[in-house]
Every structure is written in structure tokens, then in C-alpha cells.
Amino acid sequence: MSIYQHFRKEEYPFIDQVLQWKDEAEERYSVKLTDFLDPREQDIAQSIIGKDSEASLSFWGGSSFSERKRALIYPSYFQPEPKDFEVSILEVRYPSKFVSIEHRDVLGSLMNLGIKRGKFGDIIQNGDKLQLIAAEEISDYVLLNVDRIGKAGVKLERVSEGDLMKSTESYEIREGTVSSLRLDVVLSEIYNLSRSKVNPLIQSSKVKVNWRLTEEVSFPVEAGDYLSVRGFGRSKLMAIEGKTKKDKWRIQYGILQ
């Protein structure tokens, strides 16, 4: 049975990468530290490097509650510690009484440095306090080169993991029924929107499935998929629980609060 049959075609390159990491840990007894992985990528890695594997897998993104995390793939004799994940926590100091900064402003400034997204973990905002998590190998460069975010002059400072703010995000779990598992139908149920409103959002590149843009309204969604609609927030299809007597799909989903 091919491992690929459990995943989508667009996920095959990442699966190949995980299989390579797994082989290196098992055959060469090497330790591989990855960039930051989103939750979908973490799920894939976990399913490939399972408990019956000779390789082991651990995640860390600055804390146990981090969303984006680096992974360590290693032989069974290795005992990882948080320092092995090489994560830096940077706090953004700015004149919050006079100017506001949003998540997208921070991400935009980081991308303008020419560093790929995988080198950054969570961006955490509680009120006017901002922190970002970065790979240790690029943290000095970020500290030296980020002095403005949006319209605000800023100063970045390293803080310890003990000072990391806890994310306040949580999912509200709900249940519903849908006529099919097409993307437009599922989003219509989750966000209580008509399909005539959902379809233009998909077709205008405002919808992501597992952090990737899709413009295909009939895209088939699966249990475990992370969904987001610009302006309406993020959700997750937790489970597909079979069909009703009226031949509709019962689904359980979570809406990010």
C-alpha cells in the first residue's frame, strides 16, 4: 500500500522530504532540524514517522502551545532538549500609544528582508504587546535589520522562553450537515454564508486550505483540513462523521476564536 494514497498530490514533495529525513535518521543516525512547519505539515510528518519507526520525531516552537513548530527527526538514542530546536523569541518594542501594528504588518516586514516564511514561527499579539518567534540562525540578522514595521519605528529585543506570551486562540467546536464535501459547500456551512457569497471569495484568492491558496470552488476537503477565509477567520474540519438518512454528510468543525 502506497503512503501517498493518504495525501493530496500537492503534498507529495513535502512527503518525499519527510521520507528522506526519516531515512537519514534511521540509516545514518543523523539528526535533522527542520524549518518551522505549519500544523498540516506537522500532521503529515507525524503520520509518516510513527511510533513503529526507528526514527523519532519531536516538535517545538518556543512552547508547547505554539502553532508553527520546528521538528527534530533523530535516531532513538538521541534525547532532544528545547535548546536543540534553535528557536529565538523576539519582542517588538514600539510607541503603542501613538500607532498600532497588526499581524500582517509584522509578517510583511519580515518577508521584505528576503527570508522565507519557514524561518519564522508564531507572531503573537496580546493587546499592544507583540512577540515573534524566529529560527536562531537568522535572529541576529532580523535584530539588525528590522527597525520599522508598518508606520511604526520599532526595536526588537531577545527575551527568554519564560517571557513568551501564551496564545489566546482556541476553537469553538460545532456540528452541521452538508450536501457534499466541496470547499464552497463546507465553507458555506462553517461561516453561515450563501454559496453565492462564498464562491467569489474562493475565486478571488481569499481562501486557503492548509495554508495554501485555492481558487477551485469544487476542491474536495477532508477531515483535518485547516481552512481560512480572508475577513472571516480560520476554521478546521475536525471530523467527517458519516451520512444522515437524507444522504447528507455530518461534519464536526472548529471555528478559531
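Since the model is a prediction, treat every value here as computed from it, not as a measurement.

**Structural notes on helix 1 (residues 12-27)**
Here's step 1: Over its 16 residues, helix 1 runs 22 Å from end to end, which matches the ideal 22 Å to within 8%, given 1.5 Å per residue.
Here's step 2: Among the residues making up helix 1, those that are buried are Phe14, Ile15, Val18, Trp21, Lys22, Glu24, Ala25 and Glu26.
Here's step 3: For helix 1, the secondary structure elements touched by its buried residues are strand 1 (32-37), helix 2 (39-48), strand 2 (55-60) and strand 3 (69-75).
Here's step 4: At the C-terminal side of helix 1, Tyr29 shows a positive phi close to 55°.

**Some words on the side chain of Thr214**
Here's step 1: By the secondary structure assignment, Thr214 is in the loop between strand 12 (212-213) and strand 13 (226-229).
Here's step 2: Looking at Thr214, the relative accessible area reads 10%, which means it is buried.
Here's step 3: Reaching out from Thr214, the side chain makes a polar contact with the backbone nitrogen of Glu216 at a distance of 3.3 Å.
Here's step 4: Apart from the residues within four sequence positions on either side, Thr214 is in contact with Leu183, Ile202, Val207, Val209 and Phe219.

**Remarks on the environment of Ser76**
Here's step 1: Looking at the element boundaries, Ser76 is found in the loop between strand 3 and strand 4 (87-93).
Here's step 2: On a C-alpha basis, the gap between Ser76 and Thr244 in space is 45 Å, while along the polypeptide they are 168 residues apart.
Here's step 3: In this structure Ser76 touches Glu54 and Ser56, once residues within four positions along its chain are discounted.

**Section: the nonpolar core**
Note on soluble globular proteins: their nonpolar side chains tend to be buried together.
Here's step 1: Formed by 33 residues in total, the largest nonpolar core has its most connected members in Leu132, Val142 and Val154.
Here's step 2: Secondary-structure elements contributing two or more residues to this core are strand 3, strand 4, helix 3 (103-111), strand 5 (120-126), strand 6 (129-135), helix 4 (136-145) and strand 9 (155-159).
Here's step 3: The element best represented in this core is strand 6, accounting for five residues.
Here's step 4: With 23 residues, the next largest nonpolar core counts Val186, Leu187, Tyr191 and Ile255 among its residues.

**Concerning unusual backbone geometry**
Here's step 1: Despite not being glycine, Asn192 has its phi angle at roughly 55°, a positive value.
Here's step 2: One can find Asn192 in the loop between helix 5 (183-191) and helix 6 (195-203).

**Topic: the sheet that holds strand 3**
Here's step 1: Spatial strand order, 1-3-2: three strands in an open sheet with antiparallel pairing. Of all strands in the sheet, those bounded by a partner on one side alone are strand 1 and strand 2. Across the sheet, the mean angle separating the axes of adjacent strands is 20° when strand polarity is ignored.
Here's step 2: The strands touched by helix 1 are strand 1, strand 2 and strand 3; relative to strand 3, the strand with the most contacts, the crossing angle is about 40°.
Here's step 3: Across the sheet, helix 2 is in contact with strand 1, strand 2 and strand 3; its angle to strand 2 comes to roughly 160°.

**Brief notes about the pairing of strand 15 (residues 249-256)**
Two faces, one strand: in a regular strand the side chains alternate between the faces of the sheet.
Here's step 1: Here strand 10 (residues 171-178) runs beside strand 15; their pairing, made up of eight bridges, is antiparallel. Counted as the bridge partner of Gly176 is Ile251 from strand 15.
Here's step 2: Pairing geometry for strand 14 (residues 233-243) and strand 15, over six bridges, is antiparallel. Across the sheet, residue Lys243 finds its bridge partner in strand 15, namely Trp249.
Here's step 3: Two successive antiparallel strands, strand 14 and strand 15, enclose a turn made up of five residues, where Asp247 displays a positive phi of approximately 65°.

**So, the sheet that holds strand 13**
Here's step 1: Read from one edge of the open sheet, six strands run 10-15-14-13-11-12, paired in antiparallel fashion. Edge positions in the sheet fall to strand 10 and strand 12, since each of these pairs with one other strand and no more.
Here's step 2: Here strand 11 (residues 207-209) pairs with strand 13 via three bridges, running antiparallel. Across the sheet, the residue bridging to Val207 is Val229, located in strand 13.

**With respect to the packing of helix 5 against helix 6**
Here's step 1: One can describe the packing of helix 5 onto helix 6 by two numbers: an axis separation of 9 Å at closest approach and a directional angle of 120°. Judged on the interaxial angle alone, helix 6 and helix 5 are oblique. Here the hand of the crossing between helix 5 and helix 6 comes out right-handed. Facing Leu183, Asp184, Val185, Leu187 and Ser188 of helix 5, the residues of helix 6 in contact are Arg195, Val198, Asn199 and Ile202.
Here's step 2: Residues belonging to the contact of helix 5 with helix 6 are distributed by class as follows: five nonpolar, two polar and two charged.

Reading the values: rules and limits
- Just so you know, the residues in each chain are numbered from 1, in the order the chain's sequence is written.
- Local features in a predicted model are, by the rule used here, given only for residues with pLDDT of at least 70; side-chain atom pairs are given and counted only at 80 or more, and totals for whole chains, interfaces and linings are based on all residues.
- Excluding hydrogens and water, the side-chain values take into account all heavy atoms of the structure.
- Secondary structure counts use DSSP, requiring at least four H or I residues in a row for a helix and at least two E residues in a row for a strand, with both numbered from the N terminus.
- Any helix carries an expected span of 1.5 Å times its number of residues minus one.
- The classification of residues rests on relative accessible area computed with a 1.4 Å probe and restricted to protein chains. Under 20% of the type maximum is buried, over 50% is exposed, and intermediate values are partly exposed.
- Note on definitions: a residue-residue contact is assigned when non-hydrogen atoms from the two residues lie within 4.5 Å.
- Throughout this description, a polar contact denotes any pair of N or O atoms lying within 3.5 Å of each other; where both atoms belong to protein, one of them has to be capable of donating a hydrogen while the other can accept it, and for residues adjacent in sequence the pair is counted only when both atoms sit in side chains.
- In this description, a nonpolar core means a group of buried Ala, Val, Leu, Ile, Met, Phe, Trp, Tyr and Cys residues linked to one another through side-chain atoms lying within 4.5 Å.
- Only when DSSP finds a minimum of two bridges between them are two strands counted as paired.
- Angles here are taken between N-to-C directions and fall from 0 to 180 degrees, while the axes themselves are lines fitted to C-alpha atoms, restricted in helices to the stretch in contact.
- In these notes the angle categories are as follows: under 35 degrees is roughly parallel, over 145 is roughly antiparallel, 65 to 115 is roughly perpendicular, and the rest is oblique.
- For a crossing to be left-handed, the near helix must be turned anticlockwise from the far one by less than a right angle; the clockwise case is right-handed.
- Here the nonpolar group is Ala, Val, Leu, Ile, Met, Phe, Trp, Tyr, Cys and Pro; Asp, Glu, Lys and Arg are the charged ones; every other residue, Gly included, is treated as polar.

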